[in-house]
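Given next are the chains, with one letter for each unit.
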Amino acid sequence: MNKFMEWLQETIMPPMEKVGNNKYLVSIRNGLVLTLPAIISGSIFLILGNIPITAWTNFIKPYSNMIGVAVSGSFGIISLLAVIGIGYELAKALDVDPISGAGLSTVAFIITSFNDKFKLDTDNFSSSGLFTAIITAFVSVLIMRFFVSHNIVIRLPNGVPQAVSNSFVSLLPGFVILLLFWVIRMPLHININLVIESIFHPLLFAMNSLPGILVYTLLVSLLWVCGIHGDMTLEGIADPIFLQFLAANGTAWAKHQPLPYVTSSGFSSLLVNVGGTGATITLVALMLFSKSRTYRDLGKVAFPSALFEINEPVIFGFPIVMNPVVMIPFILVPLILATGSYILITIGWMNAPVVMVPWTMPPIIGPMMATGWDWRAGVWSAIELLIAGAMYYPFFKVAEKNMLRDELADAKNKVE
């Protein structure tokens, strides 16, 4: 076990830490936050329009088109919001004017969304244009930084208001960005959205497969046991994919069509990480009834946050980090729950997530809401808690035995 931990620390962790701190991935992660209010708000309307109760369905039917406007006005502009947020965050990270970075990135993205008939195709504003939004933001901000760092800009006197001065600084790079994407899209007739989509298609396919989601789940757990926030580290890579899946599922669900993706946003956070990454709420429950006073006290402190999927108190307090005893179930439990959830959704025994639900929603309730109030998701979530608890139990008893021995030794030392 010691050799395995050394291998993790020396081989896996250094590149993963670099990934987690990469400016570009962090800008994606932070930039996508701008999409969350729209997605969550749109999800509320999506739920209201699809509550599976006959009386409600009949009542809401005359207003379904009105509700669809709210859904389209939120889910339908995910990529547009993303390019604004990512352009802003990356510009800030690269020390250029964030507002200008967001604005020029948006211009570039909109240019790519025109079709061959010179009409703006707003379909690309939805989840299908998410990767295009990322690429256009990156290219636009890097061009802007090149001009600013080489002082190829128009600078106004110091007395001019900062906002006006920044707009003139962005003038030359803005023209070059506009020219570049216009040449690619119009004279060269290159559909940038289709090109980027074809490049990222293998990644989309992989993340919606069982092996792909298991690799992702394993990486998250391995990072956590080494003290690195696994979910946050991989957000910049995974979130654009999972959000794209969720938007497509939400649209299909609203139209009563088959759901195209299994691992949409909410699959990992609510159907796998039940009560926090590693389903640690079950470990907290075991601590509440422990013979060890230390574990009982920690369980009381950790339970309220664990109920809302926040498990840092138990991960660093138990601890799970670098703990060879409980790291085994901490890694295995999510893999088992991910496999079970994937199979149940694939065979049609449970809906995939179709609406955005905050990851802090408690077990049972959160999965039901995310799957469009599918009661089967709530039942499965309860079963997951039992599976996780059963797997943690023998390892917890070993840890408890060691803790009781240490507590007894401490008590003897105090007496002496």
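This text follows the structure it describes.
The sections below set out a description of the structure shown in this document. (Residues numbered from 1 in each chain as written. Predicted model: local features only at pLDDT ≥ 70, side-chain atom pairs only at ≥ 80, totals over all residues. Heavy atoms only, no water.)

**Structural notes on the pattern of salt bridges**
Phase 1: Applying the stated criterion to the full structure yields five salt bridges.
Phase 2: Between D297 and R293 there is a salt bridge, and its shortest N-O distance comes to 3.9 Å. A residue pair is termed a helical-turn pair when its members lie 3 or 4 positions apart in one helix, as D297 and R293 do in helix α16 (residues 293–307) at four residues.
Phase 3: Put simply, K397 and E400 hold a salt bridge, and the shortest N to O gap is 2.6 Å. (Salt bridge = Lys/Arg side-chain N within 4 Å of Asp/Glu carboxyl O. Helix = DSSP H or I, 4+ residues; strand = E, 2+ residues; numbered from the N terminus.)

**Observations concerning the packing of aromatic side chains**
Phase 1: Tallied over the full model, the rule gives eight aromatic pairs.
Phase 2: Aromatic pair F245 and Y261: ring centres 4.1 Å apart, planes at 15°, arrangement stacked. Placement of the pair is F245 in helix α13 (residues 230–254) and Y261 in the loop between α13 and α14 (267–272), with a sequence separation of 16 residues.
Phase 3: According to the relative accessible area criterion, F245 is buried, its value standing at 0%.
Phase 4: Between Y295 and F396 the ring centres are 5.6 Å apart and the planes differ by 45°, which places this aromatic pair in the tilted class. Of the two residues, Y295 sits in helix α16 while F396 sits in helix α20 (residues 375–415), which places them 101 residues apart along the sequence. (Phe/Tyr/Trp six-rings, centres within 6.5 Å; stacked < 30°, edge-to-face > 60°. Buried < 20%, exposed > 50% of the residue type's maximum accessible area, 1.4 Å probe, protein only.)

**So, empty space enclosed by the protein**
Phase 1: In the structure shown here, the tally under the stated rule is one cavity of 30 Å³ or more.
Phase 2: Within this model, the largest cavity holds a volume of roughly 60 Å³.
Phase 3: Taken together, S128, G129, F131, T132, N193, I196, E197, L204 and Q244 form the lining of the largest cavity.
Phase 4: Contributions of two or more residues to the lining of the largest cavity are made by α8 (130–149) and α11 (192–207).
Phase 5: Tallying contributions element by element places α11 first for the lining of the largest cavity, with four residues. (1 Å grid on protein atoms, 1.4 Å probe; cavity = no way out; pocket = protein on both sides within 12 Å on 5 of 7 lines; lining within 4 Å. Points joined across faces, edges and corners; volume = space filled by probe spheres on them.)

**Let's talk about the side chain of T35**
Phase 1: When you line up the elements, T35 lands in the loop between α2 (23–31) and α3 (36–48).
Phase 2: Accessibility expressed as a relative area gives 1% for T35, which makes it buried.
Phase 3: At a separation of 2.6 Å, a polar atom in the side chain of T35 contacts the main-chain carbonyl oxygen of L32. (Polar contact = N/O pair within 3.5 Å; in protein donor to acceptor, adjacent residues only side chain to side chain.)

**Points about the nonpolar core**
Phase 1: The biggest cluster of nonpolar side chains holds 106 residues, and the ones touching the most others in it are Y216, F267, M287 and F318.
Phase 2: Beyond its immediate stretch of four places on either side in the chain, M287 contacts Y295, R296, L298, G299, V314, F318 and F396. (Core = buried A, V, L, I, M, F, W, Y, C linked by side-chain atoms within 4.5 Å. Contact = heavy atoms within 4.5 Å.)

**Here we look at the environment of L385**
Phase 1: Its place among the elements puts L385 in helix α20.
Phase 2: Considered as a pair, L385 and G278 are 107 residues apart in the sequence and their alpha carbons are 11 Å apart.

**Some words on the packing of α8 against α11**
Phase 1: Axis separation between α8 and α11 bottoms out at 9 Å; the angle between their running directions is 110°. One element, α8, and the other, α11, form an angle in the roughly perpendicular class. Of the two possible hands of crossing, α8 and α11 adopt the one that is right-handed. Between α8 and α11, the residues in contact are F131, T132 and I135 and I192, N193, I196, F200 and L204, respectively. (Axes fitted to C-alpha atoms, helices over the stretch in contact; angles between N-to-C directions. Parallel < 35°, antiparallel > 145°, perpendicular 65-115°, else oblique. Left-handed = near helix turned anticlockwise from the far one by under 90°.)

**Here's the deal with unusual backbone geometry**
Phase 1: Across the junction of F318 and P319, the peptide omega takes the value -5°, indicating a cis bond.
Phase 2: Note on placement: P319 falls in the loop between α17 (312–317) and α18 (327–346).
Phase 3: Positive phi, normally seen in glycine, also occurs at W373, with a value near 60°.

**Overview of helix α15 (residues 281–288)**
Phase 1: Burial within α15 is extensive, with six of its eight residues counted as buried.
Phase 2: Looking at α15, one finds that the buried residues are I281, T282, L283, V284, L286 and M287.

**Quick word on helix α6 (residues 78–93)**
Phase 1: Between its terminal C-alpha atoms α6 stretches 22 Å, which fits the 22 Å expected from 16 residues at 1.5 Å a residue.
Phase 2: Most of α6 is tucked away, with 12 of its 16 residues classed as buried.
Phase 3: By the burial criterion, the buried members of α6 are I78, S79, L80, L81, A82, V83, G85, I86, G87, E89, L90 and A91.
Phase 4: Taken together, the buried residues of α6 touch α2, α3, α5 (64–75), α7 (98–112), α8 and α13.
Phase 5: Phi for D95, located one or two positions after α6, is positive at around 65°. (Expected span 1.5 Å × (residues − 1).)

**A few points about a nonpolar patch on the surface**
Phase 1: On the surface, a nonpolar cluster with roughly 540 Å² of combined accessible area is contributed by F146, I152, I154, V164, F168, L171 and L172.
Phase 2: When contributions to the nonpolar patch are tallied by element, the ones reaching two or more residues are α9 (162–169) and α10 (171–185).
Phase 3: Of note, V164 is situated in helix α9.
Phase 4: The exposure class of V164 is partly exposed, given its relative accessible area of 36%. (Patch = residues over 30% accessible without salt bridge, like charges linked within 9 Å, V, L, I, M, F, W, Y side chains within 5 Å. Areas by Shrake-Rupley, 256 points an atom, 1.4 Å probe, with all protein chains shown as cover.)

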